[in-house]
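# Working through the structure, step by step
If you want the building blocks of each chain, they are given just below.
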Amino acid sequence: MRNPVPKVAAIHDISGYGRGSLTTVIEVLATMGIQPCPIPTAVLSTHTGGFEDYKFIDLTDELPEYINHWDKLNIDFEAIYSGFLGSKKQIEIVIDFIKRFKREEQYVIIDPVLGDNGKTYDTFGTEMVKKMRKLVKNADIITPNITEAKFLLDKEENIIKSDETAKEWLKELSSFGPEMVVITSVPGYKNKERTSVLSYQKKDNRFWKVDCDYVPANFPGTGDLFTSILVGSLLTGDSLPMAIDRAVQFISMAVRTTYGYDFPEREGVLIERVLANLNLPISGKSYEI
Ligand code: PXL
């Protein structure tokens, strides 16, 4: 039986306060008419980007039984989507989940969360990077930011200076396995006032670039927002460049809306004020081929 509402198995942590990971995934997917089915890998009182002394409850050891129960229920998903994973063991659990729940015409989307601004996050070292390379082999779509792309490809610098280098990086990442590769947060190499999202689709060897204004702010959770919108768009029938356009346009609007208030950056972008705009038609004017 075809699912009347598409289902997504969403493997992420949940932070009670601060926006990001599962709270963002659930809000975005539900707004786009998709059923989020969470597999919470950890519960935190807040996310870690700007809050201190947060309570962290690791659920790694609970996951096998949780997943075994789903296996017995014989349920299936239009997509499997994973983000921040706290340990090498969690990565193995996700690889096993994909093997057990993989089916035809399904998207496996991996956001290989490892770091930002040129550095890995505090708790991640080279071992985690190696494991993440293994995980992305199992994906149809990956969405690293430029720092994560640099680590996955073991490049010296997190700089892309030309269309040629952009194509090289995208193709190299897709040679790991994924059919579609999207690199986010690339500083504009033609115009410094802009930030680019670069993408590649292997089956027809096509490349796209979507630019947006550079914003001098660092709102936590925008990576989760981006990939969640991409998942929702692809599942509702958008092409890859249209899905990226939708994500970029929505995030630009959310950031502009948030900027208008005097509000702590660590609370993330005020997506609830603009969530309904996710379903507006988009022009598709901003992507370059
Ligand atoms: O979206 C990345 C992320 C996920 N989960 C937790 C985080 C962060 C980024 O700060 O703190 C707990």
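All values derive from a computational prediction rather than experimental measurement. (Residues numbered from 1 in each chain as written. Predicted model: local features only at pLDDT ≥ 70, side-chain atom pairs only at ≥ 80, totals over all residues. Heavy atoms only, no water.)

Let us now look at the layout of surface pockets. By volume, the second largest pocket amounts to about 280 Å³. Surrounding the second largest pocket, 13 residues form its lining, Arg2, Glu78, Arg103, Glu105 and Leu235 being those nearest its centre. Among the residues making up the lining of the second largest pocket, the classes are represented as 5 nonpolar, 2 polar and 6 charged. (1 Å grid on protein atoms, 1.4 Å probe; cavity = no way out; pocket = protein on both sides within 12 Å on 5 of 7 lines; lining within 4 Å. Points joined across faces, edges and corners; volume = space filled by probe spheres on them. Nonpolar A, V, L, I, M, F, W, Y, C, P; charged D, E, K, R; others polar.)

It is worth spelling out the site of the ligand at this point. Taken together, Asp13, Leu44, His47, Thr48, Gly49, Phe84 and Asp224 make up the full set of residues adjacent to the ligand. One of the side-chain nitrogen or oxygen atoms of Asp13 is found 2.9 Å away from a nitrogen atom of the ligand. One of the side-chain nitrogen or oxygen atoms of Thr48 is found 2.6 Å away from an oxygen atom of the ligand. Out of a free accessible area of 310 Å², the ligand has 88% covered by protein chains. Residue classes in the shell around the ligand are distributed as 2 nonpolar, 3 polar and 2 charged. (Near = heavy atom within 4 Å. Polar contact = N/O pair within 3.5 Å; in protein donor to acceptor, adjacent residues only side chain to side chain. Areas by Shrake-Rupley, 256 points an atom, 1.4 Å probe, with all protein chains shown as cover.)

Glancing now at the environment of Asp213. As for its position among the elements, Asp213 is in strand E11 (residues 206-213). When the C-alpha atoms of Asp213 and Arg194 are compared, they prove to be 4.5 Å apart, with 19 residues separating the residues in sequence. Ignoring anything within four residues of it in the chain, the contact list for Asp213 reads Glu193, Arg194, Thr195 and Arg256. A distance of 2.7 Å separates a polar atom in the side chain of Asp213 from a polar atom in the side chain of Arg194. In terms of polar contacts, Asp213 uses its side chain to reach the side chain of Arg256, at 3.2 Å. (Helix = DSSP H or I, 4+ residues; strand = E, 2+ residues; numbered from the N terminus. Contact = heavy atoms within 4.5 Å.)

What follows deals with helix H4 (residues 126-136). Restricting attention to buried positions, one finds in H4 the residues Met128, Val129, Met132, Leu135 and Val136. Down the axis of H4, the sector holding all buried residues measures 115 degrees, keeping them to one side. Turned more than 90 degrees from where H4 packs its buried face, Thr126 and Lys130 sit exposed. Looking at the packing, one finds that the buried side of H4 touches strand E4 (79-82), helix H3 (88-101), strand E5 (107-110), strand E7 (119-120), strand E8 (141-142) and helix H5 (146-153). (Buried < 20%, exposed > 50% of the residue type's maximum accessible area, 1.4 Å probe, protein only. Arc of directions from axis to C-beta.)

Moving on to empty space enclosed by the protein. According to the stated counting rule, one finds 2 cavities of 30 Å³ or more in the structure shown. The computed volume of the largest cavity comes to approximately 60 Å³. If you trace the largest cavity, you find it lined by Arg19, Gly20, Thr24, Pro220, Gly221, Thr222, Leu225, Gly268, Val269 and Ile271. Size it by volume and the second largest cavity reaches roughly 30 Å³.

By themselves these figures say nothing about function.
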